[in-house]
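Chain residues, written in single-letter form:
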Amino acid sequence: MAVNVVYLKYNEDVQEFEHPLRREDKEMIESSFGITLKRILEGTTVKAIDRLEKGKTYTVEGIISPLFADKLSNRPFDPQAYEEKRYSFPSLDKNDHRRPLYGRQDQLRVIEESVSSPHEKWEPIVISTSRGMGKTTLLKVASMTCPTLQASSRVGRLISFDCSQISKIQLKLDDLREAWWGILVVHHICRLFAGCSYKTHLIEQYSIERMVEILKSLSRTPLEHIFYSAIRSGQPFEFLVEVTNYFFGVNDPSKPLVLLDNIQYLGDISCAKSQADIERVTAAKSQPSSDPDESTSMEVESSQEPAKLTTLLSRIFIDAALLSTPIYCLAAGTSDGSLKQQAEGSNFKPKFINLPILAIQDAWRIGEDLLKEMQSKPDSRADNVVLPQFVDQVEDESTPEQVVTLLMLYEACQIPRLTVLAWRTIIDYKIRGAPIGKETASIWEQKVRDYYPESPKIFEKLSPEDSALLVLACSVYFRWPDSMGTGLNYKNLLDESLIFPYDTIQRVCLLPPILLPREMQKIDAKIEELVPGVRRSDLRLSVQEYIFGEGNIKSGGGDPWENYIVCSLAVRGFLAKRIQNQSQFQMSDVYDLNDQHTGECFKRIGAVSFCKVKRMQREVYVTENLDPEFIYINEKTNDAHHDGVIFAANPDSCNGAIQAKYSLSDPAAGGILKQLHKKSVLLWFYLGALEADEESNSRSKVVREAMRNHRLAFLDGSGCISSLTVDVLLFLKQFNQFVHAAREVCHDPEHF
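This one's a predicted model, so the numbers in the text were calculated from it and none came from an experiment.

Visitor: Summarise the overall build of the chain; cite the residues concerned and give the values.
Guide: Within the chain, the secondary structure is distributed over 30 helices and 24 strands. Residues classed as buried in the chain amount to 54% of the 752 residues present. Nonlocal contacts in the chain, meaning residues at least 24 apart in sequence, comprise 71% of its contacts between residues at least 6 apart. If you sum the accessible surface of the chain, you get close to 33500 Å²; carbon and sulfur atoms cover 48% of it.

Here you go:
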């Protein structure tokens, strides 16, 4: 870039001017752009012409001048050329909609059904979840694949706006509150039809800021007066229909469609009324709040009152429901601005769409599609790259590279953005001809931390105890209440993209270990203090440590399976007691029930109070009466009757015997009979497929009788521990034979 010039940008037109510029050069600038110059900006700062620095780019604002009309593009609108602008959406590649969208077909179906059906109340569709779950991509793909939405987009009635632009301009809340939809419509019309004439008036591109100025100004051009009237009439979408019918030469009945991305910025403190308000909002956000709605709101209502926070988002949604022309609206962001609460008793009813993590097969297909896309580009270096095929389970013909790739995707927690970053790293290494190994994982980890730079820093704002609570809850898939501790709020953590939804309906979340601070000593110490006998490594298998470290999985004796079961139950017990503020709880509070029979078994055990783990040197029997605050694990006794024992809070109730096995295959009737003592209920936690074993078990008279009396329950371990850990353990059952081969793929042992 030349340094003896100044770059001035008007809309998309960038021109060079010799440095230094003088005040008398104003006419030259106006003539070059065909405008009457209003001001020159560096960001949001107004700059004098003779104060511009060489080598820099500045934004020019002005009004199209009749004096230069002959120099402007005054072309008729070409509907064919519209195809280039039709799918314009900030931050998205125009080819995004051509990629297969995995794991989101149900969401696309719900969107199409919602926008194609009449509703008693206006029903905006809201996609609110952590950054990186695929919200923006779903927005765009929906607009391009759902038939009802496509019909609107064909005639210019698809408005897309990235609300993060609001944070880059200085506007007061009142500037947008009453005129948001009208400003959005006019901004869209100017983007599509700039350079074309509407009823003899030449359309130019207007920024959001410029539109606000037009609303305040007493002097307007004829076109600006048309825009002003459309906004103030309260019928902006009728105006959009009129203008699009005019340019496309149609009388089309399709309703307008609005795509709003990053809606959290509609409540950002940059929209507050005054600097005093901004400072008070900042102070309020830095203080922990027990009120989840207060802590997630983002705007100060009055500078004279204590900080009472609400959102611009809810205001404009209420306004949209009053519009005479019905519109479709798909909104996405990390925060929904408490819309559900705002909608109560109002004339709109938002439909919330949840985005869970990907299935492992879908996570794998994403990599295959990314590679195909790279190979389709001219002069691609990826032409000869071949990715390992997906492997359902480890077999003799599986390659170490397949195994390592699969486990790396598990480490990404199957979160879309983390998965894409993992695949890009893997493909890049394949292009170089390097093996996938330890260095690959390190580079991927750094990419994740670069994408989520704020996530590990959030722990700096939390106390060690709150951080420990966060790690514990996410490690065992505990259902989140609104608030779990002084500084922990479920919505805030989702908004900040520290936790990710695994099951949004059940409010179960993941915290990828890769986003934890590198220095975890204080948090780990607090975990062991809160739940004695439990370490962080007892709750989730570290794939990277296992593959690239010295970790090893034993193939028998329930180890480490029994350890995960016992420790996860103890952590869930601790969290249940803390949240309920009671000394006792029910087994159904700590294990996600999957059938009525299991519930009856839990009732036999009665109230429990375990929240600690004790590893025993001697065998503990279910007939004993020991401290009910502990789950006793018989890890030092190879032939113990039980892997673990739960003692009921009431000595007259049944105790629970825990049997943690990799499989249900052939649980000997004699062994079950021996473990079913007079006061015991046997909880048999299995790792593997239940269906394959049920038939053989049903032949056992002892098993049938025990189940009939609700004294025996076969339980899937994912009811209390991370299901990703279950998946990895299932996979690793047969992985040991590949460990040495995988580590020897590289001649340099440092790679693995």
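Now that the structure is up, let's keep going.
Visitor: So what's going on with a positive patch on the surface? Residues and values would help.
Guide: Taken together, the side chains of Lys377, Arg417, Arg424 and Lys447 make up a positively charged region of the molecular surface. Locating Lys447 in the fold gives a position in helix α18 (residues 438-451). Lys447 sits in the partly exposed class, given a relative accessible area of 30%.

Visitor: So what about unusual backbone geometry? Which residues, and what values?
Guide: The linkage connecting His19 with the following residue, Pro20, adopts the cis geometry, with an omega of 5 degrees. Examined against the element boundaries, Pro20 turns out to sit in the loop between β2 (13-18) and α1 (26-33). Phi at Ser497 takes a positive value of approximately 55 degrees, unusual for a residue other than glycine. Checked against the element boundaries, Ser497 lands in the loop between α21 (490-495) and β17 (500-503). Accessibility expressed as a relative area gives 1% for Ser497, which makes it buried. Of note in the backbone geometry, His710 takes a positive phi value of approximately 55 degrees without being a glycine.

Visitor: Could you give an account of the nonpolar core, with specific residues and numbers?
Guide: A general feature of soluble globular proteins is that nonpolar side chains tend to end up buried together. Among the nonpolar cores identified, the biggest contains 135 residues, and Leu330, Leu470 and Phe685 are the most heavily contacted of them. Setting aside residues no more than four positions away along its own chain, Phe685 makes contact with Trp561, Ile565, Leu569, Tyr591, Ile658, Gln659, Ala660, Lys661, Leu715, Gly717 and Cys720. Of all hydrophobic cores here, the second largest spans 55 residues; its members include Trp122, Phe161, Tyr198 and Ile263.

Visitor: Outline the confidence of the model for the chain, supporting the account with residue identities and numerical values.
Guide: Counting all residues, the mean pLDDT for the chain is 78, and 78% of those residues have values of 70 or more. The secondary-structure element of the chain with the lowest mean pLDDT is strand β11 (residues 299-300), recorded at 28, while helix α22 (residues 521-530) shows the highest, at 95. Within the model, pLDDT remains below 50 along residues 269-310, and this stretch shows 78 contacts once partners closer than five positions in the same chain are excluded.

Visitor: For the environment of Lys603, give the residues involved together with the corresponding values.
Guide: Locating Lys603 in the fold gives a position in helix α25 (residues 596-605). Sequence separation between Lys603 and Met587 is 16 residues, and the spatial gap between their C-alpha atoms is 8.0 Å.

Visitor: Before we move on, could you go through the pairing of strand β13 (residues 328-333) and cite the residues and values that matter?
Guide: Extensive coverage of β13 is indicated by the burial of six of its six residues. Of the strand pairs in this sheet, strand β10 (residues 257-261) and β13 are connected by four bridges, and their pairing is parallel. The residue of β13 that forms the bridge with Leu259 is Leu330.

Visitor: Could you give an account of the pairing of strand β3 (residues 35-42), naming the residues involved and the relevant values?
Guide: Here β3 pairs with strand β4 (residues 45-47) via three bridges, running antiparallel. For Ile40, the partnering residue across the bridge sits in β4 and is Lys47. Between the antiparallel neighbours β3 and β4 lie two residues, among them Gly43 with a positive phi of about 70 degrees.

Visitor: Please provide a residue-by-residue account of the packing of helix α16 (residues 400-411) against helix α17 (residues 416-432), values included.
Guide: Following both chains from N to C, one finds α16 and α17 inclined at 150 degrees, their axes separated by 10 Å at the closest point. Here α16 is positioned roughly antiparallel relative to α17, judged by the angle of their axes. Of the two elements, α16 crosses α17, and the hand of that crossing is right-handed. Of the residues in α17, those in contact with Glu401, Thr405, Met408 and Leu409 of α16 are Thr419, Ala422, Trp423, Ile426 and Lys430. Partitioned by chemical class, the residues of the contact of α16 with α17 number five nonpolar, two polar and two charged.

Definitions and limits used
Residues numbered from 1 in each chain as written. Predicted model: local features only at pLDDT ≥ 70, side-chain atom pairs only at ≥ 80, totals over all residues. Heavy atoms only, no water. Helix = DSSP H or I, 4+ residues; strand = E, 2+ residues; numbered from the N terminus. Buried < 20%, exposed > 50% of the residue type's maximum accessible area, 1.4 Å probe, protein only. Contact = heavy atoms within 4.5 Å. Areas by Shrake-Rupley, 256 points an atom, 1.4 Å probe, with all protein chains shown as cover. Patch = residues over 30% accessible without salt bridge, like charges linked within 9 Å, V, L, I, M, F, W, Y side chains within 5 Å. Salt bridge = Lys/Arg side-chain N within 4 Å of Asp/Glu carboxyl O. Lys, Arg positive; Asp, Glu negative; His and termini not counted. Charge placed at Lys NZ, Arg CZ, Asp CG, Glu CD. Core = buried A, V, L, I, M, F, W, Y, C linked by side-chain atoms within 4.5 Å. pLDDT = per-residue confidence, 0-100. Pairing = 2+ DSSP bridges. Axes fitted to C-alpha atoms, helices over the stretch in contact; angles between N-to-C directions. Parallel < 35°, antiparallel > 145°, perpendicular 65-115°, else oblique. Left-handed = near helix turned anticlockwise from the far one by under 90°. Nonpolar A, V, L, I, M, F, W, Y, C, P; charged D, E, K, R; others polar.

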